[in-house]
Amino acid sequence: MNNIKEIVVVSGKGGTGKTSVVGALASLLTNRVAADCDVDAANLHMILNPVVIEEKAFIGGKKATIDLSRCTGCGTCREVCRFQAISEGYVVDHRQCEGCGACYFLCPAGVVDFSSSYAGSCYICRDKYSAPLVYAELLPGEENSGKLVAMVRNEARSLAEKSGTPLVIVDGPPGIGCPVISSMTGVHVAVVVTEPTISGVHDLERIIDLAQFFKCKTAVVVNKGDVNPDYCKRIEEYSTTKGCTFLGVIPYEPRITEAQIRATTILDVAPDSPTSEIIRVIHKKLLTILEEL
Amino acid sequence: MPVRVWDAGREEEAGWAEGPSGLLKNASALSVEKDRPTREVLPASSKNVRSAEPRWYGRRQDRSMNIVIASGKGGTGKTTIAVNLAYFLARSGQVVQYLDCDVEEPNGHLFLKPRIESQVSATVMVPTIVEKKCNFCGECSTKCQYNALVSLPGIPPLVFPGLCHGCGLCIHVCPENAIAEDKRKIGRLEKGVGLENISCVHGVLNVGEAMAVPLIRKVKDCGLDNCVHIIDAPPGTACPLVATIGDADLAIMVTEPTPFGLHDLSIAVSVAEKLSIPLGLVINRDTNHFPPLERYIEKHSLDVFTRIPEDRRIAEHYSKGDIIISALPEYTSRIHDLVSSMERVSGTTIIGGAV
């Protein structure tokens, strides 16, 4: 059970090409489970074209609602709510409500309802390579994306256990906050896909620090490398000084969009392109990293 | 009773501390131009953009306008549009403040290059157990919704600060008054004045810190009165976006003509529509080769504020931290179109027609 290795692909900055890279790697990795942990903007299934086998409901956090017909207007709830979520007319703004339950537990009249509801779905699928894929869709604007990420990872791991698959590859969310932390805790390898721009470099430092905070083995890929060769070089040097494995540089490739439109990977659209070439190299290097774990 | 979730900590020494490696040390302080004369700010009508409900939760008694730039998908060009819009408005004489709510990965300052004048710690409150008073009843851990307190038999509860939302419920429910509070730093706020006198605020979430929303709220609390707030939203469509966009007068959704861009755009648009926020699109890296996006726009009767064509020179200037309309002035008209459309949709004069 503990032989399952997990790779997470993250970026810090959004839109650097995480999902395109994960899609291509998932097509090369023969014995794996794929998991899309970017639950509020999931895209991997659009490349891997899965058949959904099972849909599981995700129940979100609780929210307070005040029964105005029984409310005595004492004001306790407004006093104890630290999120300014209750109006003068005792209506709870669910945008502000963090579901702490203070109003529910402290209302002297007991007129606050505190319950959770459906907040999204987790899909267990078989993708077009006949390999398992787990992804999820959070309802727009919902909270608790970190919990849904944990659900996706648990489902992916249990699929891997059941089928004896040794590897889970996770498409992570952008940023460094709650859902990223949830995607990264306990994984073995973090692959950072960055781009040679001032923002990409700025965000790279923070995501590498986060990966190392979680003691993941960290590797770096530069996408759209030819946009700024100077930054590209600096990223390579920086990654090496931080003890990361530098996996390679993917050139700017307009056919990535074509691949998305055809719902497939760049390896299918342009198998002989330099991009496909370097992705195959990255795949090999990753296998070596996994063997050395 | 104190109602605020968190306080600004002490003002820290001003200065620019950009990561341990200083990879980007060149991106810091540029000198700032002398004060430009500023035009009369928004007319009172600007407050009536979304009059459906009273804005009791905000601090907005002034005549500011909140413009949020969002996208759903990351990397579509939010920051590019936001900084160029801010720059354009400031050059047109408007008083502009840039509020970077992408606290996980703030980038706007790399382009607007503010000289950081103040750094303030951002803190949340966490419980501390007064061990002498605790009778191990477990009331606090039973009621805490975030599993931030764990009771074990015979010892005071363990506190997990990283899980705590600072709601204060445990303090209220403890029958022995055995819980006090302490501040916990989750990040910092940096403020300064950048290019074209643009006042800039950005939050920097500590690495390893999960809770972005309190810091986002803190950035928004820094909004100055009587100016245009250009608010750079985080990617995604979950609670950080809602916290950013909640009291917007207008949302600009930046998208790209790709299947991923469209998929995530549609989720972000439904968030804004759910919150009844007027919105328009900016189509970035436009190639005209993606009919599904055009069909989506038509089906939902969305407004396209402007289109920025695919141009490798934009990517190259962006990579260096340049303002696009300054490096490639031919794109100024696109941002002007954006502003005109914003004025049309919001029924507001933003720059008084002057360019």
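What you see is a predicted model; the values in this text were computed from it and never measured. (Residues numbered from 1 in each chain as written. Chains lettered and ligands numbered in written order. Predicted model: local features only at pLDDT ≥ 70, side-chain atom pairs only at ≥ 80, totals over all residues. Heavy atoms only, no water.)

Caption draft 1: Looking closely at the environment of A:Asn144. Residues and elements named next belong to chain A. Of note, Asn144 is situated in the loop between β5 (132-138) and α5 (145-163). Taking the relative accessible area as the measure of exposure, Asn144 reaches 24% and is therefore partly exposed. Here the alpha-carbon distance between Asn144 and Gly61, two residues 83 residues apart in the chain, equals 6.6 Å. (Helix = DSSP H or I, 4+ residues; strand = E, 2+ residues; numbered from the N terminus. Buried < 20%, exposed > 50% of the residue type's maximum accessible area, 1.4 Å probe, protein only.)

Caption draft 2: Structural context of a nonpolar patch on the surface. All names here are of chain B. Taken together, the side chains of Val150, Leu152, Ile155, Leu158, Phe160 and Leu163 make up a nonpolar region of the molecular surface, amounting to roughly 460 Å² of accessible area. For the nonpolar patch, the elements supplying multiple residues, two or more each, are β5 (149-152) and β6 (155-159). As for its position among the elements, Leu152 is in strand β5. (Patch = residues over 30% accessible without salt bridge, like charges linked within 9 Å, V, L, I, M, F, W, Y side chains within 5 Å. Areas by Shrake-Rupley, 256 points an atom, 1.4 Å probe, with all protein chains shown as cover. Salt bridge = Lys/Arg side-chain N within 4 Å of Asp/Glu carboxyl O.)

Caption draft 3: Here's a closer look at the interface of chain A and chain B. Taken together, the contacts link 72 residues of chain A with 76 residues of chain B. Summing both partners gives a buried area of about 6,300 Å² for chain A against chain B, and 57% of it is carried by carbon and sulfur. The largest share of the area that chain A buries against chain B comes from A:Arg82, A:Arg95 and A:Ile198, three residues that together contribute 14% of it. Here chain A and chain B share 4 salt bridges between them. We note a salt bridge from B:Arg312 to A:Asp226, for which the minimum N-O separation is 3.8 Å. Seen at the junction of chain A and chain B, the total is 34 residue pairs in polar contact (both at pLDDT 80 or more). Here the element with the most residues in the side of chain A that touches chain B is helix α7 (residues 198-213) of chain A; it accounts for 10 residues. (Contact = heavy atoms within 4.5 Å. Buried area = accessible area lost by both parts, 1.4 Å probe. Polar contact = N/O pair within 3.5 Å; in protein donor to acceptor, adjacent residues only side chain to side chain.)

Caption draft 4: View of the environment of A:Ile53. Residues and elements named next belong to chain A. Here Ile53 lies in strand β3 (residues 51-66). Overall, Ile53 belongs to the exposed group, its relative accessible area being 55%. The spatial distance from the C-alpha of Ile53 to the C-alpha of Cys125 is 5.0 Å, given a sequence separation of 72 residues. Discounting chain neighbours no more than four positions away, the residues touching Ile53 are Ile124, Cys125 and Arg126.

Caption draft 5: Seen up close, the nonpolar core. Counting residues in hydrophobic clusters, the biggest one holds 88 residues, and the most contacted among them are A:Met184, B:Leu85, B:Leu89, B:Ile230 and B:Ile252. Broken down by element, the residue count for this core peaks at 9 residues, all from helix α1 (residues 78-91) of chain B. Leave out the neighbours within four places in its chain, and B:Leu85 touches B:Ile67, B:Ile69, B:Ile230, B:Ile252, B:Ile335, B:Leu338, B:Val339 and B:Met342. (Core = buried A, V, L, I, M, F, W, Y, C linked by side-chain atoms within 4.5 Å.)

Caption draft 6: Focus on the pattern of salt bridges. Residue and element names in this part refer to chain B. Under the counting rule described, the total for this entry stands at 31 salt bridges over all chains. The partner of Glu139 in a salt bridge is Lys143, with the nearest N and O atoms 2.5 Å apart. Here Lys143 and Glu139 lie together in helix α3 (residues 139-143), a separation of 4 residues that amounts to about one turn. Salt-bridge contacts for Glu256 lead to Arg285; the nearest nitrogen and oxygen are separated by 2.4 Å. Residue Glu256 is found in the loop between β10 (250-255) and α7 (259-274), and its partner Arg285 is found in strand β11 (residues 279-286); the two are separated by 29 residues along the sequence. A residue is classified by how much of its surface remains accessible, and Arg285, at 30% relative accessible area, is partly exposed.

Caption draft 7: Structural context of the pairing of strand β6 (residues 167-171) of chain A. Residue and element names in this part refer to chain A. Taking burial as the measure, the 5 residues of β6 include 5 buried ones, the bulk of the element. The two faces of β6 match: Leu167, Ile169 and Asp171 on one face and Val168 and Val170 on the other face are all buried. Of the pairings in the sheet, the one linking strand β1 (residues 5-10) to β6 comprises 5 bridges and is parallel in character. When the sheet's bridge partners are listed, Glu6 is paired in β6 with Val168. (Pairing = 2+ DSSP bridges.)

Caption draft 8: Main features of the sheet that holds β1(A). All names here are of chain A. Read across the sheet, 9 strands follow the order β3-β4-β5-β2-β6-β1-β7-β8-β9 without closing on themselves; strand pairing throughout is mixed. In the strand order of this sheet, the two ends are held by β3 and β9 (245-249), each with one partner. The mean angle between the axes of side-by-side strands here comes to 20°, regardless of whether they run parallel or antiparallel. (Axes fitted to C-alpha atoms, helices over the stretch in contact; angles between N-to-C directions.)

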